[in-house]
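A closer look at the structure
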Amino acid sequence: MESWATVNIDLNKFIDICSNGRKSKEELLEDFKIMNDKNIHEIFGYRKFNDGFTSKVTCYNDGKHVIGSVSPSYKEFLEKIFDLLNVNPDLKYLIGKDDDSLTEVLMARIEMLRTVQNTANLQCDFPMLYRDLQDGRKYINAVEKGLEDLEKDNTKTKEEKAKEKQKLEKQKKYFYQCAMSGGFTAFNPKDGFIYKQVELYTRFVRDRKKYKELIETKHYDAYLIKNFDETKMALYIVDGYLKAINAIDNRDKQVKYYNLVEKFLNNSKVKKDVEIVIDGRTINYEDISKRAKIAHSKINRVDIKLEWELLPIGSGFVYKGGSGTSRRTSMSEEEKQRLISIGKEQTEFFMNSKYSAKAIGLKKFAGYFAYIYPNGIVVLEKDFREKYPTTAEGAIYIMKAQDFELLSAIGKTDLIYHPLLLGHKYHSGDWKTKIEAFINEEGTPEDQQAAQNLIQKMEDEQNKRSK
């Protein structure tokens, strides 16, 4: 079975949380840098000065193991090259594609680098490379001075001087292996900083796929077993799987992640009394188990497109708090942020609730969503879009599944007075508790069946339209 990249891991955070204390953080970071330096040099013939591309690592899995194998992060490599060459951030989507379009953009920046005439231009157009030049000068000047001072030092034995000289010569060799130069220009143009950096980044771009193939086979697994706590690593990585389930829409990928979570939960070797803290959140077996149930519910949801508009405005709709339309021509920044906060809160609430299906009306993102719950309750909620903060002001309508088709097509003004409507709430006060009172109740067998029937009917109609 082919392995696939599951999660990218922040190495600094990973060490802080999962290291077993056998080595210091500084030692671990240096070890990772040294290990990947070898990969970089093997493919490109150069190294990157002061960077082993090890800020992140990637977990690969073939579906048979909880953790899988941990390797250098190819995504981090691309992101850093992109930033070092100071590419327009609007083009960052090309990193995900990693195709000829990315090659073209990166090579265009390298060609621009080739034309840089002085350090002022370099600082303006390639600020990160300018920093490398400055840091490189300090580094090589210190090494050269160290060698000079060593020759004059009469306090060290011959053996001590030989050992110190060997260390300094190794540092000097590393500097030139990184395609560095202490001078922006040189008597031989090929020894100048720009020429060397153009060659370095050309190789990075041209041979990047070879690097990708290599690092996917160069795992840190044996090193991790010695220096990291296995259960803490599993908790950290499984937390990443659950985050991925929430972040992606592709159901096949969601299922693949969920299967890995289940492997963790069903593994008898997992220590259930171990916990870690990530960004202030406590992660343990119980937390993973609870979130896995929510994830399972999300994966099995369906999105249904309807052939009618949910809650049309109607003949006499009056906006709460004023008359006429709810659109505003202007608002204060404070009010804008308040509405955005409300909108994000309501989106998170409904997305994390245990609905079975979500129905979308004809106006799609300009209208309402219908969340259908297994207990037979349907909640209609205005779709919030951060770009339009006033979309957070829509009211919430609650009804039974058996009444949904009738009530959802009625104008808002008429609907709020309809005897079959169970509730009409605004996002004020403790609105979530009021909604939870409806969606978390068990529901009668008849109500539960009505929800299933409604979903099936709408799915059948959607399938007919797609044929």
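Residues numbered from 1 in each chain as written. Predicted model: local features only at pLDDT ≥ 70, side-chain atom pairs only at ≥ 80, totals over all residues. Heavy atoms only, no water.

**What to know about the pattern of salt bridges**
Counting across every chain of the model gives 27 salt bridges. Across the pair Glu-345 and Lys-432 runs a salt bridge whose closest N-O atoms are separated by 3.0 Å. Taken together, the residues Glu-345 in helix α15 (residues 333-351) and Lys-432 in helix α18 (residues 431-439) connect sequence positions 87 residues apart. Between Lys-457 and Glu-405 there is a salt bridge, and its shortest N-O distance comes to 3.1 Å. (Salt bridge = Lys/Arg side-chain N within 4 Å of Asp/Glu carboxyl O. Helix = DSSP H or I, 4+ residues; strand = E, 2+ residues; numbered from the N terminus.)

**Topic: empty space enclosed by the protein**
Applying the stated rule across the entire model yields one cavity of 30 Å³ or more. Computed from the structure, the largest cavity encloses a volume of approximately 50 Å³. Along its surface, the largest cavity is lined by Phe-77, Leu-78, Ile-81, Phe-82, Ile-95, Leu-102, Leu-106, Phe-204, Val-205 and Arg-208. For the lining of the largest cavity, the elements supplying multiple residues, two or more each, are α3 (74-84), α5 (100-114) and α9 (193-206). With four residues, the single largest contributor to the lining of the largest cavity is α3. Taken together, the residues of the lining of the largest cavity break down into nine nonpolar, no polar and one charged. (1 Å grid on protein atoms, 1.4 Å probe; cavity = no way out; pocket = protein on both sides within 12 Å on 5 of 7 lines; lining within 4 Å. Points joined across faces, edges and corners; volume = space filled by probe spheres on them. Nonpolar A, V, L, I, M, F, W, Y, C, P; charged D, E, K, R; others polar.)

**Some remarks on helix α10 (residues 208-215)**
All buried positions along α10 are accounted for by Arg-208, Tyr-211, Leu-214 and Ile-215. Seen from one end, α10 has its buried residues packed into an arc of 120 degrees, which puts them on one side. Among the exposed residues of α10, those oriented more than 90 degrees off its buried face are Lys-210 and Glu-213. Against α2 (25-44), β3 (69-72), α3, α5 and α9 lie the buried residues of α10. (Buried < 20%, exposed > 50% of the residue type's maximum accessible area, 1.4 Å probe, protein only. Arc of directions from axis to C-beta. Contact = heavy atoms within 4.5 Å.)

**Topic: the sheet that holds strand β2 (residues 56-61)**
In spatial order, the strands read β1-β2-β3; together these three strands make up an open sheet with antiparallel pairing. Of all the strands in the sheet, the pair left with one neighbour each is β1 (4-10) and β3. Recorded for the sheet is a direction-independent mean angle of 35 degrees between the axes of neighbouring strands. Of the pairings in the sheet, the one linking β2 to β3 comprises four bridges and is antiparallel in character. Pairing of Tyr-60 across the sheet is with Ser-69, part of β3. Together, β1 and β2 form the strand contacts of helix α12 (residues 230-247), whose direction differs from that of β1 by roughly 115 degrees. (Pairing = 2+ DSSP bridges. Axes fitted to C-alpha atoms, helices over the stretch in contact; angles between N-to-C directions.)

**Quick word on the packing of helix α7 (residues 127-152) against helix α8 (residues 158-177)**
At a minimum axis distance of 10 Å, the contact between α7 and α8 shows a crossing angle of 155 degrees. When the interaxial angle is binned, α7 and α8 end up roughly antiparallel. Note that α7 runs across α8; the crossing there is left-handed. Contacts between α7 and α8 involve Gly-136, Tyr-139, Ile-140, Val-143, Glu-144, Gly-146, Leu-147, Leu-150 and Glu-151 from the former and Lys-161, Glu-164, Lys-165, Leu-168, Glu-169, Gln-171, Lys-172, Tyr-174, Phe-175 and Tyr-176 from the latter. Residue classes in the contact of α7 with α8 are distributed as nine nonpolar, three polar and seven charged. (Parallel < 35°, antiparallel > 145°, perpendicular 65-115°, else oblique. Left-handed = near helix turned anticlockwise from the far one by under 90°.)

Everything listed here is a matter of coordinates, which is why it stays silent on function.
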